[in-house]
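Structural characterization, general
The chain contents come next:
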Protein chains: 2
Amino acid sequence: MSRMLTVAAAQLGPIQKAEGRDVAVGRMVRLMERAHRRGVEVVVFPELALTTFFPRHYHADIAEADGWFEPALPSNETAPLFEAARKYGIAFHLGYAEIAEEADETGTVRRRRFNTAVFVSPEGEVMLKYRKVHLPGHAEYDPTRTVQHLEKRYFEVGNLGFPVVRAPVGQAGEVNAGMLICNDRRWPEAWRVLGLQQVELVMLGYNTPSLNMEARGFEAHHLRVFHSHLSIQAGCYQNACFAVATAKAGTEDGCELFGHSIIVNPQGEIMAQATSWDDELITADCNLDMCALGRSTIFNFAAHRRPEAYGRIVGQTGSVAPPVWQPGGAARG
Amino acid sequence: MSRMLTVAAAQLGPIQKAEGRDVAVGRMVRLMERAHRRGVEVVVFPELALTTFFPRHYHADIAEADGWFEPALPSNETAPLFEAARKYGIAFHLGYAEIAEEADETGTVRRRRFNTAVFVSPEGEVMLKYRKVHLPGHAEYDPTRTVQHLEKRYFEVGNLGFPVVRAPVGQAGEVNAGMLICNDRRWPEAWRVLGLQQVELVMLGYNTPSLNMEARGFEAHHLRVFHSHLSIQAGCYQNACFAVATAKAGTEDGCELFGHSIIVNPQGEIMAQATSWDDELITADCNLDMCALGRSTIFNFAAHRRPEAYGRIVGQTGSVAPPVWQPGGAARG
């Protein structure tokens with residue numbers, strides 16, 4: 001008997017700056033209803049799903065941006081989502097901007113802000129929380145950019161690592177669930193840390209612009225979706241897991257987000273893909289037993305990995321220039 | 001002025017068990033001549049390019065396999081290759097089975113065997129040597145397999161790490177060159193260690209069967225080339241480098257090798273692809289300045305990597321099971 005899990009990416013179209021959480025939550029509840037009709041057991045919503053992608057807007061005083069954050073979850077505004085999950089027996093993944101009154105590394109309790117995602121049981125319990133580690137963009141206003149990307153301004157680097165939990169879900173019984181957020185998906189280190197915990201399902205939300213304002217060189221716009229899919233497909237293949245990657249899509253505050261949400265299997269194949277820039281539900285039946293193939297053969301980590309050769313991955317952050325070879329000198333290596 | 005380097009993958013068709021090194025070297029010299037006519041400055045030959053892929057053949061006594069190894073390079077049999085390189089001013093990458101009388105980790109000098117590649121200057125000097133780290137397959141005869149894959153029997157794990165050297169080449173002046181061998185290409189750790197040394201050109205040879213005898217489950221044969229390309233394209237994109245990936249192709253000793261050599265740019269795009277299962281030269285002009293784009297934006301490692309979250313990558317070899325979530329328990333993360 002296969003461990004079959006029916007999952008959905010619940011892509012959201014744009015949320016304009018003026019629209020309240022009630023609008024977004026209402027649309028998410030309708031996607032949850034649609035998911036129920038499609039027999040879905042796990043729904044994945046995007047990164048920062050409750051508002052517009054506010055890191056494109058600059059505030060000199062960071063506290064002025066606190067209105068984009070959630071001090072509590074559920075709240076009056078997000079309660080309908082939790083109610084729909086309970087009604088339909090669906091677990092869900094939600095990205096949001098989190099404010100926490102929490103001790104920092106010095107032990108001082110203070111207001112901290114993270115780009116966060118939670119995996120919530122149908123009963124409304126948070127089974128797993130993750131805070132984004134790979135924050136892209138910049139911390140200060142950049143006058144050379146037509147659109148800002150201020151994630152490094154508004155969020156601290158996530159301090160929960162890349163956790164995985166074996167969570168009870170649907171007919172499959174249990175699934176080893178982990179999470180990434182947006183830019184994390186481009187970093188093979190993040191996928192591997194999940195893979196080393198036997199992750200079977202990676203849930204990830206993203207808000208990715210169609211234009212990279214930082215890349216003034218060779219990067220062609222038409223490769224942006226390819227790069228996203230390439231990273232997700234490689235991550236799934238090389239870690240023998242499924243992924244549900246859910247976009248916020250379309251033109252939001254005048255900025256185009258590229259959409260193209262996908263569900264990927266442990267062979268790196270795309271099982272389903274969103275093709276609109278609007279609210280859209282895509283679904284797939286995932287046979288979780290597929291994860292065992294890669295994990296026991298090509299990617300049997302215990303048999304094949306060689307950590308003694310990987311020291312630079314944790315031993316240095318930035319890259320270093322290699323030595324220059326001199327004719328007549330000794331070979332490198 | 002761009003740093004343009006013209007590279008080639010010199011794919012080899014099958015080399016049968018009965019064929020001597022003179023046959024293989026003669027074919028390689030003809031590919032070198034063709035490369036010269038195409039203006040090529042760096043030629044990449046496959047893994048274990050001088051003989052059939054002998055790890056499919058079992059010898060109870062490992063020393064009986066020593067005839068497949070090179071005790072010296074160049075040798076009388078390989079000298080024509082070095083002469084052609086000198087004649088045409090072409091640097092080349094060659095994979096071969098290496099025997100070395102060398103001290104092991106205990107200090108004992110003994111006969112050691114590695115799956116090795118070298119990057120040789122037009123003058124015949126070895127600028128970089130690499131010994132394969134990720135050995136696939138198994139060490140003992142496996143009666144359940146119709147074809148053996150005994151790399152773990154015949155070779156020791158490479159002990160040179162993943163070195164990179166800034167090597168003088170052609171019109172570009174210098175290139176940061178690194179190497180992988182075959183199965184290494186599936187391991188993002190290996191690519192990242194090269195990327196952390198600012199690699200611009202990854203040279204890699206492979207002998208990959210069209211059928212994975214180990215995978216008796218869900219892996220479809222038609223995905224084998226996809227998986228190879230996926231890993232190489234992701235490695236190039238995520239480390240902002242070019243790769244020349246060269247196959248031995250076709251039916252060798254009754255076993256099909258899937259070919260499909262490729263040259264990939266730092267955007268992860270395939271620039272050239274071999275489409276035969278025979279000796280075939282594919283070429284591309286690589287603008288090495290393209291590597292700077294990724295390295296200074298999305299993959300600016302110093303700005304964006306978070307090694308404190310990557311500890312498991314070197315802290316453990318195999319995977320570990322995640323904790324089971326208990327309803328009413330605390331959230332993980």
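Basis of the calculations
Residues numbered from 1 in each chain as written. Chains lettered and ligands numbered in written order. Predicted model: local features only at pLDDT ≥ 70, side-chain atom pairs only at ≥ 80, totals over all residues. Heavy atoms only, no water. Least-squares fit on C-alpha atoms with pLDDT ≥ 70 in both. Contact = heavy atoms within 4.5 Å. Salt bridge = Lys/Arg side-chain N within 4 Å of Asp/Glu carboxyl O. Helix = DSSP H or I, 4+ residues; strand = E, 2+ residues; numbered from the N terminus. Buried < 20%, exposed > 50% of the residue type's maximum accessible area, 1.4 Å probe, protein only. Phe/Tyr/Trp six-rings, centres within 6.5 Å; stacked < 30°, edge-to-face > 60°. Pairing = 2+ DSSP bridges. Axes fitted to C-alpha atoms, helices over the stretch in contact; angles between N-to-C directions.

Chain A is annotated in an unreviewed UniProt entry as N-carbamoyl-D-amino-acid hydrolase from Roseomonas acroporae.

This part is about the relation of the copies chain B and chain A. Once chain B is rotated about the relating axis by 180 degrees and shifted along it by 0.0 Å, it coincides with chain A to within an RMSD of 0.0 Å. What the superposition gives is, in effect, a two-fold axis relating one chain to the other. Comparing interface residues between copies, 100% of those in chain B also sit at the interface in chain A, which points to an isologous, same-surface contact.

For the rest of this paragraph, the subject is the pattern of salt bridges. Residues and elements named next belong to chain A. Within the structure shown, the criterion is met by 48 salt bridges over all chains. In this structure, R131 and E102 form a salt bridge, with 2.9 Å as the shortest nitrogen-oxygen distance. Here E102 lies in strand β3 (residues 91-103) and R131 lies in strand β5 (residues 126-131), a separation of 29 residues in the sequence. A relative accessible area of 3% means that R131 is categorised as buried.

Residue and element names in this part refer to chain A. Under the criterion given, the structure shown has 26 aromatic pairs over all chains. Seen in terms of ring centroids, F54 and F69 are 5.4 Å apart; in terms of plane orientation they differ by 55 degrees. Their pairing is tilted. In this pair, F54 is assigned in the loop between β2 (42-44) and α2 (79-88) and F69 in the loop between β2 and α2, connecting sequence segments 15 residues apart. Relative accessible area serves as the criterion here: at 1%, F54 is assigned to the buried category.

Moving on, we get to the sheet that holds strand β8 (residues 201-206) of chain B. Residues and elements named next belong to chain B. What the six strands build is an open sheet, ordered β6-β7-β8-β9-β12-β13; its pairing is mixed. Sheet topology places β6 (164-169) and β13 (270-273) at the edges, where each strand pairs with a single neighbour. With direction set aside, neighbouring strand axes in the sheet form an average angle of 25 degrees. One ladder, built from six bridges, connects β6 with strand β7 (residues 173-181); its direction is antiparallel. In the strand pairing of β7, R166 is matched with N176. Packed onto the sheet, helix α4 (residues 188-195) meets β6, β7, β8 and β9 (242-247) and runs at close to 160 degrees relative to β7. Docked against the sheet, helix α5 (residues 224-239) engages β8, β9, β12 (262-264) and β13, running at close to 25 degrees with respect to β12.

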